[in-house]
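Chain by chain, the residues:
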Amino acid sequence: FADRAAQAYASAAAVDALREALVRARRARGGEADRRVLALLDRYSLSLAVLGRFRDILDLLLPERERAERVEDRALTSAYFFRLGLTYSYLGEPGEAAVWAGRALAEAERGEDSMAAGRACYVLALAAYYTGASPDGVEHARRAIAHLERGRSRAELSWLGQSQWVLGLHLFLRGEFDAALDAEATVEATAARLGGEPRLRSFAAWTSGWILATRGEWDRAIEACRRAVADSPDPVNTALATGRLATAYLEKGEAAEALPLLERSVDQLAGFRFPQLQGLFTALLAEARLLTGDPTGARDAAERAVALTRDGRYPFG
């Protein structure tokens, strides 16, 4: 039931079903019970993540560390470490993210598991993005792609698309705009191989919009970001796509259009406790308020952005 719900982007229903499945699995004993619990934890974490419930993922995973380390299944152990790394990256702790992703990669390599290795390299690339270490990020993203492009399953193609996406982010931050847009075009192509997978399409569209807005192609940027909002299948990505649409309007000089979008995005990201991008969009909110004649509100937002980006250790804020 949870798998069907997740395929329909009904993540709240999937969470309810997985919670009940986990209760039942924990009643069992022995190695098979450990494997069942860890497999459910991986699925449960995925559904919680698309709802922005990142702290809940840590509360779910951290008490299970002993189980993960004693089970004789490298794929499940690697998946457990991977989920911890990915969650810490969202919560503004890239150092912790890199540590757990490194452990996930080591387990994957021992088990000769290309998909697990690719996912771990993706988290290393994401952690590098959040610290501004783009040379390392490009290397990790390309390693992820090399592992994942060998696969043909939906899961492998989905992670391939996300790895192509994070490569585009790093190329953009290095000033390689054309190469970054090409990388996002490969994300669109991977989404098409998955039957038009909406999350990947949305990721590629709002990232392309961000790049286009930065180099002054504002109308194309706005169009791309509007498409990203329309395609978004989950609340976390919707908050990011909305913030990037606001960025495009702000770059064009239309602060009045950007202001309500930024307020909405900041409120949503605060609810998810996603400090890096909450801080970035709060900084942009300060700019929009200043440009629309609200210097007091601008100062308040700027002070809040400083605190958020310091706590989230996100240099681009």
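Please refer to the structure higher up on the page.
Rules behind the numbers
Residues numbered from 1 in each chain as written. Predicted model: local features only at pLDDT ≥ 70, side-chain atom pairs only at ≥ 80, totals over all residues. Heavy atoms only, no water. Helix = DSSP H or I, 4+ residues; strand = E, 2+ residues; numbered from the N terminus. Rg over C-alpha atoms; globule rule 2.2 N^0.38 Å. Buried < 20%, exposed > 50% of the residue type's maximum accessible area, 1.4 Å probe, protein only. Contact = heavy atoms within 4.5 Å. Areas by Shrake-Rupley, 256 points an atom, 1.4 Å probe, with all protein chains shown as cover. Axes fitted to C-alpha atoms, helices over the stretch in contact; angles between N-to-C directions. Parallel < 35°, antiparallel > 145°, perpendicular 65-115°, else oblique. Left-handed = near helix turned anticlockwise from the far one by under 90°. Nonpolar A, V, L, I, M, F, W, Y, C, P; charged D, E, K, R; others polar. Salt bridge = Lys/Arg side-chain N within 4 Å of Asp/Glu carboxyl O. 1 Å grid on protein atoms, 1.4 Å probe; cavity = no way out; pocket = protein on both sides within 12 Å on 5 of 7 lines; lining within 4 Å. Points joined across faces, edges and corners; volume = space filled by probe spheres on them. Core = buried A, V, L, I, M, F, W, Y, C linked by side-chain atoms within 4.5 Å.

Trainee: What should I look at first to understand the overall build of the chain in this one?
Mentor: Summing up its helical and strand segments, the chain has 17 helices and zero strands in all. Over its C-alpha trace the chain gives a radius of gyration of 20 Å, about what one expects of a compact globule, namely 20 Å for 317 residues. Seen through its C-alpha atoms, the chain measures out along the principal axes to roughly 65 × 35 × 35 Å. Going through the 317 residues of the chain one by one, you find that 56% of them count as buried. Sequence-distant contacts, at least 24 apart, represent 62% of the contacts inside the chain between residues at least 6 apart. When the accessible area of the chain is evaluated, it comes to approximately 13500 Å², of which 50% is carbon and sulfur surface.

Trainee: Quick question: what am I supposed to make of the packing of helix α11 (residues 177–193) against helix α12 (residues 198–214) here?
Mentor: Each pair of packed helices can be summarised by the angle the axes make with each other and by the distance between the axes. Running from N to C, α11 and α12 point in directions that differ by 165°, and their axes come no closer than 8 Å. As far as their axial angle goes, α12 and α11 are roughly antiparallel. Both α11 and α12 take part in a crossing whose hand is left-handed. Judged by residue contacts, Phe177, Ala180, Leu181, Glu184, Val187, Glu188, Thr190 and Ala191 of α11 engage Leu200, Arg201, Phe203, Ala204, Ala205, Thr207, Ser208, Ile211, Leu212 and Thr214 from α12. For the contact of α11 with α12, a count of residues per class yields 11 nonpolar, four polar and three charged.

Trainee: Explain the pattern of salt bridges to me, please; I cannot follow it from the model alone.
Mentor: Side chains bearing opposite charge may pair, as long as their charged atoms lie close to each other. Applying the stated rule across the entire model yields 26 salt bridges. A salt bridge links Asp16 to Arg19, with the nearest nitrogen and oxygen atoms 3.1 Å apart. Residue Asp16 and its partner Arg19 are located together in helix α2 (residues 11–25), separated by three residues, close to a single helical turn. Exposure remark for Asp16: the relative accessible area of 45% places this residue in the partly exposed category. Given the relative accessible area of 37%, Arg19 is considered partly exposed.

Trainee: Hey, could you run me through the environment of Gln162 in this one?
Mentor: Summarising the element assignment, Gln162 is placed in helix α10 (residues 154–173). Apart from residues lying up to four places away in sequence, Gln162 is in contact with Tyr122 and Leu200.

Trainee: Can you help me understand the layout of surface pockets in this one?
Mentor: Rolled over the atoms, a probe with the dimensions of a water molecule shows which regions are left empty. Quantified by volume, the largest pocket comes out at close to 1100 Å³. Around the largest pocket, the lining comprises 43 residues; the ones closest to its centre are Leu46, Val50, Ser158, Gln162 and Arg199. Elements that contribute at least two residues to the lining of the largest pocket include exactly α1 (2–7), α3 (31–50), α6 (74–90), α8 (114–131), α10, α12, α14 (235–252) and α16 (275–291). Among the elements that line the lining of the largest pocket, the one with the most residues is α10, at seven residues.

Trainee: Explain the environment of Thr214 here, please?
Mentor: Looking at the element boundaries, Thr214 is found in helix α12. It is 31 Å that separates the C-alpha atoms of Thr214 and Ala101, two residues lying 113 residues apart in sequence.

Trainee: Just to check I follow, could you spell out the side chain of Arg289 for this structure?
Mentor: Within the element layout of this structure, Arg289 appears in helix α16. Arg289 gets classed as buried once you look at its relative accessible area, which sits at 18%. Those residues in contact with Arg289, other than ones at most four positions away along the chain, are Leu259, Glu263, Asp294, Gly297, Ala298 and Ala301.

Trainee: I keep staring at the environment of Tyr130 and nothing clicks. Help me out?
Mentor: By the element assignment, Tyr130 lies in helix α8. Spatially, the C-alpha atoms of Tyr130 and Pro94 are 6.7 Å apart, while their sequence positions differ by 36 residues.

Trainee: What's the story with the nonpolar core in this structure? I'm lost.
Mentor: Burial of nonpolar side chains together is a common tendency in soluble globular proteins. Within the largest apolar cluster, 108 residues are counted, with the highest numbers of intra-cluster contacts made by Phe54, Tyr122, Trp165 and Phe274. With 12 residues, the top contributor of residues to this core is α8. Dropping the residues within four chain positions of it, Trp165 is found in contact with Tyr122, Leu126, Glu184, Val187, Phe203, Trp206 and Thr207.

Trainee: Please explain empty space enclosed by the protein as it appears in this structure.
Mentor: Tallying each qualifying case throughout the model produces one cavity of 30 Å³ or more. Here the largest cavity is characterised by a volume of approximately 30 Å³. Forming the walls of the largest cavity are Ser45, Ala49, Phe54, Ile57, Arg83, Leu86, Thr87 and Tyr90. Broken down by element, the lining of the largest cavity gets its largest block of residues, four residues, from α6. A breakdown of the residues in the lining of the largest cavity according to their chemical character gives five nonpolar, two polar and one charged.

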